[in-house]
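Here is what each chain is made of, one letter per residue.
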Amino acid sequence: MMDDQATAIAGALTGSALTRTILQAAPHAIMMVDAAGRVKAINESALSLFAHAGEAPEDLRVESMLPEVRFVGGPVWTGEDGAGAPVPLGVRHRLTGLRGDGRQAPLIAVFGEAQDETERLFSVFVIDLTDRAALDQEVQSLREELIHAGRVGEMAEMASAIAHEVAQPMSAAKNYLFALKLAMARPQPDGGRKLEELVSKVDAEIDRASGILGRLRNFMRKAPPTRSTHDLNEIVHEAAVLASTGAARLGIRLAFDLAPARPKAIVDKVQVQQVMVNLVRNAIDALETSNDRLIRVRTRDEPTGLVVEVADTGPGLPDSVLARLFEPFTTTKKDGMGLGLSISRRIMEGHGGALEAENQPGGGALFRMRLPHPDRTQTDEASA
Amino acid sequence: MKDISSPPQWENAADGAMLSAVKGRPVPDAIASAMVSVVEDDASLRDSLCVMLEATGFSVRAYASAEAFLADGAPRPACMIVDVELPGLDGIALLDRIGLDRPPAILISGAAREDLIDRARRYASFAFLRKPFDPARLVSTVTEAVNQAA
């Protein structure tokens, strides 16, 4: 490979029209520099990447384009780590370059050596990764958007249950206030104890409404994903309570069997809660036609990892659905988009875990979330 | 005589009893001591309805479910306040079960779905109020229902 490069460069220098055309038209930046880093030849791609407007090629210095590299009889590293050590030739290096427009650019550079008749020359091949990095970021941000959209979708499906649940305490508070107004207009034989009692009842109802809104707000928050250590039982319980808003009115019971050791998990809390909400909402929908309406939520600390299970007493999943359950747009619901479970599985896989589904021997569906133990999970704090 | 074109939910009812209740003047004895049954599964809302109606001078019997109301076998109340969304038998099914000879019933609901609300409006034998409702309006509606029943 080194020989090929040398041949190509030699050709360019000796004026082969063909080689020159190829180098000139190459989409990657290509330069020839001398042992002191002075630019001897440069192609269009390199000029447009590194040159300021109106800057002449002969004014360009490798050090200003690739600040991590200096030329002292050849390319050597600057900076503290291995300063002065030669840069290995013919190898791809991930560097941060300084573009002509002043912005930093992630790039790959390969240095090679070419011996001219008169002096030692070096070839510098550069691939600008700016577009690719932007694309990666775009994909990442779309993924986050999708997850958030899934959360909004879950909540939209719950909107009427939540509205109902907030209307209850509001209505109760108004009734107490009405009674309070009546009581205030009358003599207080008990020294105002009755009034105090009514005031604290109003207070409790406002707290109840605030609690529902608070859980909702936390869940809907659009924050960049962050992983930190959480009590698995707590986040599972909180999400199940939110998801089962209004379920009691449908005669649905929720039973918790939470690991007594209170295992810790390193997760993005909101995302894992999103999976929980999705599973519990699905279970509630599945129970619509059942007489026995129970949802069991279990957490376990197993040698292979942490496990969260959501099981229902519904009709279970037909084999045809089970096979495609986690594919997007698979749904058994009239109004569903069929994105919830595919997003949920992505979230679990993004955590180094898994999401599985099966039918229970005794009937009903069971969903199992798997998460790695905390000591096998990278935190954002640790990796940053 | 009532204007038959007026909406069945009585949402525009301006009523003397409401004003007198707000000012702390008791509604007339014969009406005020009337028995009102409340069927509501939410414990706080049920309690608040009892507190409010008793403060206005009504007697109240409260039930957490339709089944509890049906099992009670108490004498017929002068008026019923029934939550639409009840576990088990819901409010509308309860009214069906009691049949045509039921006391005037005020349905209350916190549902957001228009189809459910329309259904409740049609079934309410006296009035329909949406949670959170104006307590003064509930008191005036109850007073009116008791008047009608008397």
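The following refers to the structure shown. (Residues numbered from 1 in each chain as written. Chains lettered and ligands numbered in written order. Predicted model: local features only at pLDDT ≥ 70, side-chain atom pairs only at ≥ 80, totals over all residues. Heavy atoms only, no water.)

## As for helix α10 (residues 340-350) of chain A
Residues and elements named next belong to chain A.
Part 1 of the argument: Those residues of α10 that fall on the buried side of the exposure criterion are L341, S342, I343, S344, I347 and M348.
Part 2 of the argument: Along its buried surface, α10 packs onto α5 (130-184), α8 (269-286), β13 (354-359) and β14 (365-371).
Part 3 of the argument: Downstream of α10 by one or two residues, G352 has phi in the positive range, about 75 degrees. (Buried < 20%, exposed > 50% of the residue type's maximum accessible area, 1.4 Å probe, protein only. Helix = DSSP H or I, 4+ residues; strand = E, 2+ residues; numbered from the N terminus. Contact = heavy atoms within 4.5 Å.)

## Some thoughts on the interface of chain B and chain A
Part 1 of the argument: Counting residues at the interface gives 29 residues for chain B, matched by 21 residues for chain A.
Part 2 of the argument: Buried surface at the junction of chain B and chain A, both sides included, amounts to about 2100 Å², of which 61% is carbon and sulfur.
Part 3 of the argument: Across the chain B-chain A interface, the total number found is 3 salt bridges.
Part 4 of the argument: With a closest N to O distance of 2.8 Å, D47 of chain B and K201 of chain A form a salt bridge.
Part 5 of the argument: In this assembly, chain B and chain A are joined by 12 residue pairs in polar contact (both at pLDDT 80 or more). (Buried area = accessible area lost by both parts, 1.4 Å probe. Salt bridge = Lys/Arg side-chain N within 4 Å of Asp/Glu carboxyl O. Polar contact = N/O pair within 3.5 Å; in protein donor to acceptor, adjacent residues only side chain to side chain.)

## A look at the environment of P361 of chain A
All names here are of chain A.
Part 1 of the argument: Position of P361 among the secondary structure elements: in the loop between β13 and β14.
Part 2 of the argument: For P361, a relative accessible area of 89% gives the class exposed.
Part 3 of the argument: Between the alpha carbons of P361 and G316 there is a distance of 9.9 Å; along the sequence they are 45 residues apart.

## Some remarks on the nonpolar core
Part 1 of the argument: By size, the foremost hydrophobic cluster in this structure holds 47 residues, and its most contacted members are M276, I295 and M369 of chain A.
Part 2 of the argument: Sort the elements by how many residues they give to this core and α8 of chain A lands first, with 8 residues.
Part 3 of the argument: Those residues within four positions of M276 of chain A in sequence are excluded, and the remaining contacts are V236, A239, A240, V297, V308, V310 and M369 of chain A.
Part 4 of the argument: One finds A172 of chain A together with A34, F126 and A127 of chain B within the second-largest nonpolar core, a separate group that totals 38 residues. (Core = buried A, V, L, I, M, F, W, Y, C linked by side-chain atoms within 4.5 Å.)

## Describing the sheet that holds strand β1 (residues 35-39) of chain B
All names here are of chain B.
Part 1 of the argument: Strand order in the open sheet formed by 5 strands is β2-β1-β3-β4-β5, with parallel pairing between adjacent strands. In this open sheet, the two edge strands, each paired with only one partner strand, are β2 (59-63) and β5 (127-130). Across the sheet, the mean angle from the axis of one strand to that of its neighbour is 20 degrees, orientation sign disregarded.
Part 2 of the argument: Relative to β5, strand β4 (residues 105-109) runs parallel, the two sharing 4 bridges. Bridge pairing in β5 places I106 opposite A127.
Part 3 of the argument: Packing against the sheet, helix α5 (residues 91-98) makes contact with β1, β3 (79-83) and β4, and its axis sits at approximately 145 degrees to β3. (Pairing = 2+ DSSP bridges. Axes fitted to C-alpha atoms, helices over the stretch in contact; angles between N-to-C directions.)

## Observations concerning the pattern of salt bridges
Part 1 of the argument: For the structure shown, the criterion picks out 28 salt bridges over all chains.
Part 2 of the argument: The closest approach of N and O atoms between E63 of chain A and R61 of chain A, which form a salt bridge, is 4.0 Å.
Part 3 of the argument: On the accessibility criterion, R61 of chain A (31% relative accessible area) is partly exposed.
Part 4 of the argument: The shortest N-O distance in the salt bridge between D83 of chain B and K131 of chain B comes to 3.1 Å. Of the two residues, D83 of chain B is situated in strand β3 and K131 of chain B in the loop between β5 and α7 (135-149); the sequence distance between them amounts to 48 residues.

## Things to note about the packing of aromatic side chains
Two measures describe an aromatic ring pair: the distance that separates the ring centres and the angle between the ring planes.
Part 1 of the argument: Within the structure shown, the criterion is met by 3 aromatic pairs over all chains.
Part 2 of the argument: With a centroid separation of 5.2 Å and 85 degrees between ring planes, the pair formed by Y63 of chain B and F69 of chain B is classed as edge-to-face. For the pair Y63 of chain B and F69 of chain B, one class covers both residues: buried.
Part 3 of the argument: Here the guanidinium or amino end of R345 of chain A rests over the ring plane of F326 of chain A, the centre of that ring lying 3.8 Å away. (Phe/Tyr/Trp six-rings, centres within 6.5 Å; stacked < 30°, edge-to-face > 60°. Lys NZ or Arg CZ within 6 Å of the ring centre and 35° of its normal.)

## Observations regarding the environment of R99 of chain A
Residue and element names in this part refer to chain A.
Part 1 of the argument: With respect to the secondary-structure elements, R99 resides in the loop between β5 (93-98) and β6 (104-115).
Part 2 of the argument: Residue classification places R99 among the buried positions, given a relative accessible area of 16%.
Part 3 of the argument: When neighbours within four sequence positions are excluded, R99 is seen to be in contact with L49, F50, Q104, A105, D128 and T130.

## Some details on the side chain of Q168 of chain A
Part 1 of the argument: Its place among the elements puts Q168 of chain A in helix α5.
Part 2 of the argument: Once residues lying within four places of it in the same chain are set aside, the contact partners of Q168 of chain A are R208 and R249 of chain A together with E40, D42, L45 and K131 of chain B.

## Examining α7 of chain B
Residues and elements named next belong to chain B.
Part 1 of the argument: An ideal rise of 1.5 Å per residue puts 21 Å on 15 residues; α7 measures up with 21 Å between its terminal C-alpha atoms.
Part 2 of the argument: When we look at burial in α7, the residues that qualify are P135, A136, L138, V139, S140, T141, V142, T143, A145 and V146.
Part 3 of the argument: Put simply, D134 is the residue that caps the front of α7, since its side-chain oxygen is 3.0 Å from the backbone nitrogen of A136. (Expected span 1.5 Å × (residues − 1).)

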